[in-house]
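Coordinate analysis (summary)
What follows is the residue order along each chain.
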Amino acid sequence: MSTLAVHDHGVVHHEEGHEHHHKATFLNTYVFSQDHKMIGKQFLITGIIMAFIGMTLSLLFRIQLAYPEKAFPILETLLGRFAPGGRLSPGFYMSLVTIHGTIMVFFVLTAGLSGTFANLLIPLQVGARDMASPFVNMLSYWFFLMASIVLLSSFFVQKGPASGGWTIYPPLSALPKAMPGSAEGMTLWLISMVLFVGSSLMGGINYISTVLNMRTKGMDLWKMPLTVWALFLTAVLGVLSFPVLVAGLVLLIFDRSFGTSFYLSDIVLGGVVQPYEGGSPILFEHLFWFLGHPEVYIIIMPAMGISSEILAVNSRKPIFGYHAMVYSLIGIAVLSFIVWGHHMFVTGMNPFLGGVFMITTLIIAVPSAVKTFNWLATLWRGNIRFTPGMLFAIGMVSFFISGGLTGIFLGNSALDINLHDTYFIVAHFHLVMGSAAIFGMLAGVYHWFPKFFRRMMDERLGYLHFWITFIGAYLVFFPMHFMGLDGVPRRYYAITEFHGWDRWLNVNTFITWAAFMAGAAQVAFLFNFIYSIFWGPKTVQNPWKSNTLEWDAPIEHHHGNWVGELPTVHRWPYDYSKPGHDEDFIPQTVPLSQTMTSNLPHDFEDNPKGLEEYNKWVSTQKTSEPVK
C-alpha cells in the first residue's frame, strides 16, 4: 500500500509504493490506464484525430465558398445525398460549419489542449505521483471519447448532423422540424455536449485538487511554473462555467422534447403558427455566452502558460515579470465572467448595460497586454534557440497580438453592431483564439514530445511545418478582415447571390487555396509525429536543459513518476543564465546552499534562515578578499 507524507507546509503527497498497486496488463496500461502520462497521451492522440476531422470539414465547405457554382463529382461519391450533383446541399454546408466549430472549440482546443498538458504536466511539475484521483482521471478521458464518438455518429443519421452554428441558437436547435439538421443530429449534439461537460468537470476537479493538495516539499504556489498556474486557473474556469451550459442544454432538451417554451415564442413553421409563447432565444444566449466567454480563456490560457515556459527555456532567460504574469492570469480568469454580454450587443440590449459590458471587455485587454509585453521582454536580448517548439511559441504570441488588436474594435458596441456576423468576426476569433491556441498546443507537443514518448521529433520537418502553417494561417484569416469591413456576412452558403459581395469571390478562392496549403503542412506534422514515436532518436534526460521537475523524472515511464523519494524544491523554475553559475540553468531541485556564487537576496524572500546563511557567506567572502 502507498504511504502518505505530510511536509512542514501542510501539503500531502503519495510516497513510495504507489506504482505497485496493479499488475501491469495491456488493458490497464494502454486502454483503461490510470497513469496520468498515458491518459495525457490518450487525450493528445484523440485530440489530433479530432483536429484532422475538423480541418477536413473546413476544407470541404471552403470548396463551396470558393466555387459556389461549380460541381465536383467526387463530392457526391464521398458524401452521397449530402452533395447531390457534386455540390454541397445548403443544409449540409451549415452542418459542416456547425460540427467544424464544435470540434475545434470543444474537442480540440479545450479537451485536446487542457486534457493533454494538464495530465502530463501538473503531477510532474508539482512533484506528485499522480492525479488526486487516478480513477476519476481515467473516467474523464472515456467520457471525452464517448462524447467524440456520439458527435461523429451524427454524420450517419438520416437527416445528417446538427445545423445552426456551433452556438446552436434557438429556434433552429429547439424545433426538430425546423430543418434537417435540427432533427436527430441536433439531439446527438446535445448528448455529446453533456458527456463532454461531464469529462471536463471530472478532469477540472482533479487538476484543482492535485495542485492544491499534492505538491511536493518546498513547492509553494510561487515556485510553480506558469504552465501549472495557467492549467490550474483554466480548470477553475471550467468548473464554474460549464455547469451553466448544461443548464441551458437541459432547458433546450425540454423545449425540443416536452413542449416547454423556455426559448420559443411566436413561431411560424411552414405557414402554421406553433403553440409556443412566453420564451426568448436571448435567454439561451445569456446562458451559452456565460460559458462561451470564459471558454475563450479556457482555450487560450493553457497556450499562454505553455508558451511562457517554452519562451523562457529557449531564450535562456528568466521569464520577465513572473508575479505580474500570475496576477494577469488571475485577472483574466476573474474578468472573463463579466464580459459575456459583448457577444450580444445586437440583441437590443439596454445601452447602459451594453456600456458596462463594453468597459469590462476593454479592461480585460490590460492583463492580456501585460502578458504580451512580458513575453516580448523575455525574448529581448535572449540567447534564443529556435527549436520548432520555440517557433510555435513565438507564433502564438504573434497571433495573440494581431488577433487581439481587432478585439478592441469588437469590444466597442457601436463598432460591433456593424461588424457583428461578418467575416471580421471570423478573422478575429480564428487568429486570437483558434490560431494562437493551436500554435500553443503545437509548441507544447514539440517541446514535451521527449517526455511523452522518450524520443525526439525531426527538427527539419518541424521547421517546414511551422513556416507553411504560420504563413498559411495569415493568408487564410487576414484577408477576412477586409471582407468583414465591407459587410460580407459569415456562414452564407454563396455570397455570389448578393450584388456587391460577389466581388469578393476571388478572395474566397485565394483563401481556400491557402487553407489547402496549410492543411498539407499538417500532413507533414502527422508523419513526423507518428514516425518519431517509433523511430525518432532517443532522448536524453533533459534535452532542453530546463529547470522544471518533469525533466528530473526518469526517462522510462512508470506509474509513480519517481523511484523512491519525491524531489524537494528549493527555488523558482526560471533560474536561467544566472551570473556566477557555471551553467546557464539551475534545476529547481538544486539547493541554494550549492549555488552561493550565483544567489541573490530575493532568492531567500520566504527563507529567512537561508538569507541569514547567505549574508554570513557574503561577509566571509568580503573578509577573505585581499586588501588593495
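What this report covers is the structure whose coordinates are included nearby. Quick caveat, the model's predicted, so the values are computed rather than measured. (Residues numbered from 1 in each chain as written. Predicted model: local features only at pLDDT ≥ 70, side-chain atom pairs only at ≥ 80, totals over all residues. Heavy atoms only, no water.)

A tally of regular secondary structure across the chain gives 18 helices and 4 strands. Taken along its principal axes, the extent of the C-alpha atoms in the chain is 95 × 55 × 50 Å. When burial is assessed residue by residue, the chain has 58% of its 628 residues classed as buried. Taking the intrachain contacts of the chain between residues at least 6 apart in sequence as the baseline, contacts between residues at least 24 apart amount to 76%. Carbon together with sulfur atoms contributes 69% to the accessible area of the chain, which is approximately 25,600 Å² in total. Of note, the chain has its 34 positive side-chain charges centred 5 Å away from the centre of its 37 negative side-chain charges. (Helix = DSSP H or I, 4+ residues; strand = E, 2+ residues; numbered from the N terminus. Buried < 20%, exposed > 50% of the residue type's maximum accessible area, 1.4 Å probe, protein only. Contact = heavy atoms within 4.5 Å. Areas by Shrake-Rupley, 256 points an atom, 1.4 Å probe, with all protein chains shown as cover. Lys, Arg positive; Asp, Glu negative; His and termini not counted. Charge placed at Lys NZ, Arg CZ, Asp CG, Glu CD.)

Quick look at the pattern of salt bridges now. One pass over the full model with this rule turns up 11 salt bridges. A salt bridge links R460 to D458; the shortest N-O distance between them is 3.3 Å. For R460, a relative accessible area of 65% corresponds to the exposed category. Between K578 and D575 there is a salt bridge whose closest N-O contact spans 3.6 Å. The same class applies to K578 and to D575, which are both buried. (Salt bridge = Lys/Arg side-chain N within 4 Å of Asp/Glu carboxyl O.)

Let us look at unusual backbone geometry. Phi is mostly negative for residues that are not glycine, and the peptide bonds are mostly trans. In this structure, the amide linkage connecting P170 to the following residue, P171, adopts the cis form with an omega of 10 degrees. Tracing the backbone shows P171 in the loop between helix 6 (134-153) and helix 7 (184-213). In this model, R454 sits at a positive phi of 65 degrees, which is unusual for a non-glycine residue. Checked against the element boundaries, R454 lands in the loop between helix 15 (423-453) and helix 16 (459-485). For K545, which is not glycine, the phi torsion reads 55 degrees and is therefore positive. For K545, a relative accessible area of 40% translates into the label partly exposed.

Looking now at the nonpolar core. Among the nonpolar cores identified, the biggest contains 180 residues, and W189, M396 and F529 are the most heavily contacted of them. Dropping the residues within four chain positions of it, F529 is found in contact with L44, I45, I48, V445, F449, F453 and M457. (Core = buried A, V, L, I, M, F, W, Y, C linked by side-chain atoms within 4.5 Å.)

The next thing to look at is the packing of helix 4 (residues 90-108) against helix 7. Where helix 4 meets helix 7, the closest approach of the two axes is 12 Å, and the angle between their N-to-C directions is 5 degrees. Classified by the angle their axes make, helix 4 and helix 7 are roughly parallel. Residues T98, I99, T102, F106 and F107 of helix 4 form the contact with helix 7, whose participating residues are W189, S192, M193 and F196. Here the residues of the contact of helix 4 with helix 7 are counted per class, giving 6 nonpolar, 3 polar and no charged. (Axes fitted to C-alpha atoms, helices over the stretch in contact; angles between N-to-C directions. Parallel < 35°, antiparallel > 145°, perpendicular 65-115°, else oblique. Nonpolar A, V, L, I, M, F, W, Y, C, P; charged D, E, K, R; others polar.)

As a further point, take the packing of aromatic side chains. Evaluation of the coordinates by the stated rule reveals 63 aromatic pairs. Ring centres of Y67 and F72 lie 5.9 Å apart, and the angle between their planes is 70 degrees; this geometry places the pair in the edge-to-face category. On the basis of relative accessible area, Y67 is assigned to the partly exposed category, the value being 26%. Ring geometry for Y492 versus W501: centroids 6.3 Å apart, planes at 80 degrees, classification edge-to-face. The exposure class of Y492 is partly exposed, given its relative accessible area of 34%. K70 extends its terminal NZ or CZ atom over the ring of Y67, reaching a point 5.7 Å from the ring centre. (Phe/Tyr/Trp six-rings, centres within 6.5 Å; stacked < 30°, edge-to-face > 60°. Lys NZ or Arg CZ within 6 Å of the ring centre and 35° of its normal.)

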